[in-house]
Amino acid sequence: MRLEKCWFCSSTIYPGHGIQFVRNDAKIFRFCRSKCHKNFKMKRNPRKVKWTKAYRRLHGKDMTQDATFEFERKRNRPERYDRNLTENTLKAIKTIDKVKFRREETHHKNRMKGKVAKERKEARKELDQQIHMLVAPGAMVKDTSAAKVTVKVQHESTDENRMEE
């Protein structure tokens, strides 16, 4: 079973799926779906369309350099069937997938490191700008009359002011 790659978006095309376009110079273009085919006919550049692999790699969203990509390369040279070799290859594919998955996760974490601090900063800024919507209007004004001043008053005791019993 041969799995092809879409010329436009680089996704996998399974047998019996997709569209093939053969140009006059006998160059074959394979597309996974009509969306890719239509974009190709409109002469759009895959590196400028945001949902393609080419765009994601060019703008640092996906990994570009990794040794695990070497295993996905297309090889046209036929190999003689060897049961041990096939068995070892299938075992290696599992470990390679694990390694690739781990590396993609670390790549994603490194990309998202600054995002948390940036979101907090933006949230704080928005809160400072919109604080009047959260707090009652009277609570924001600092009331200077509310400060109580204690004054001691001493009364002189005179006989005239006293009430007689």
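Residues numbered from 1 in each chain as written. Predicted model: local features only at pLDDT ≥ 70, side-chain atom pairs only at ≥ 80, totals over all residues. Heavy atoms only, no water.

1. Some points on the pattern of salt bridges
If you walk through the whole model with that rule in mind, you get 4 salt bridges. With its nearest N and O atoms 3.1 Å apart, the salt bridge here joins arginine 23 to aspartate 25. With a shortest N-O distance of 3.9 Å, arginine 124 and aspartate 128 are connected by a salt bridge. Of this pair, arginine 124 and aspartate 128 both sit in helix H3 (residues 83-129), 4 residues apart, which is roughly one turn of that helix. A cluster of three or more residues bridged by salt bridges with shared partners is formed by Arg2, Glu4 and Arg30. (Salt bridge = Lys/Arg side-chain N within 4 Å of Asp/Glu carboxyl O. Helix = DSSP H or I, 4+ residues; strand = E, 2+ residues; numbered from the N terminus.)

2. Quick notes on unusual backbone geometry
Residue serine 10 is not a glycine yet carries a positive backbone phi of 70 degrees. Among the secondary structure elements, serine 10 is positioned in the loop between strand S1 (4-5) and strand S2 (12-13). By relative accessible area, which is 28% here, serine 10 ends up partly exposed. The phi angle at lysine 43 is positive, at roughly 60 degrees, despite the residue not being glycine. With respect to the helices and strands, lysine 43 occurs in the loop between helix H1 (34-41) and helix H2 (53-58). Residue lysine 43 is classed as exposed on the basis of its relative accessible area, which comes to 75%. (Buried < 20%, exposed > 50% of the residue type's maximum accessible area, 1.4 Å probe, protein only.)

3. Here we look at a positive patch on the surface
Taken together, the side chains of Lys50, Lys61, Arg111 and Lys115 present a region of like positive charge at the surface. Within the secondary structure, arginine 111 is located in helix H3. (Patch = residues over 30% accessible without salt bridge, like charges linked within 9 Å, V, L, I, M, F, W, Y side chains within 5 Å. Areas by Shrake-Rupley, 256 points an atom, 1.4 Å probe, with all protein chains shown as cover. Lys, Arg positive; Asp, Glu negative; His and termini not counted. Charge placed at Lys NZ, Arg CZ, Asp CG, Glu CD.)

4. Comments concerning a nonpolar patch on the surface
On the surface, a nonpolar cluster with roughly 390 Å² of combined accessible area is contributed by Met1, Leu3 and Tyr14. Classification of tyrosine 14 as partly exposed rests on a relative accessible area of 46%.

5. Let's talk about the packing of aromatic side chains
Enumeration over the complete set of coordinates arrives at 7 aromatic pairs. Ring centres 5.7 Å apart and planes at 45 degrees place the aromatic pair phenylalanine 8 and tryptophan 51 in the tilted group. Of the two residues, phenylalanine 8 sits in the loop between S1 and S2 while tryptophan 51 sits in the loop between H1 and H2, which places them 43 residues apart along the sequence. What makes phenylalanine 8 buried here is its relative accessible area of 1%. The rings of Trp7, Phe21, Phe29, Phe31 and Phe40 are connected pair by pair, giving a single aromatic cluster. Above the ring of phenylalanine 29, the side-chain terminus of lysine 27 is found at 5.0 Å from the ring centroid. (Phe/Tyr/Trp six-rings, centres within 6.5 Å; stacked < 30°, edge-to-face > 60°. Lys NZ or Arg CZ within 6 Å of the ring centre and 35° of its normal.)

Don't take any of this as a statement about function, it's just geometry.
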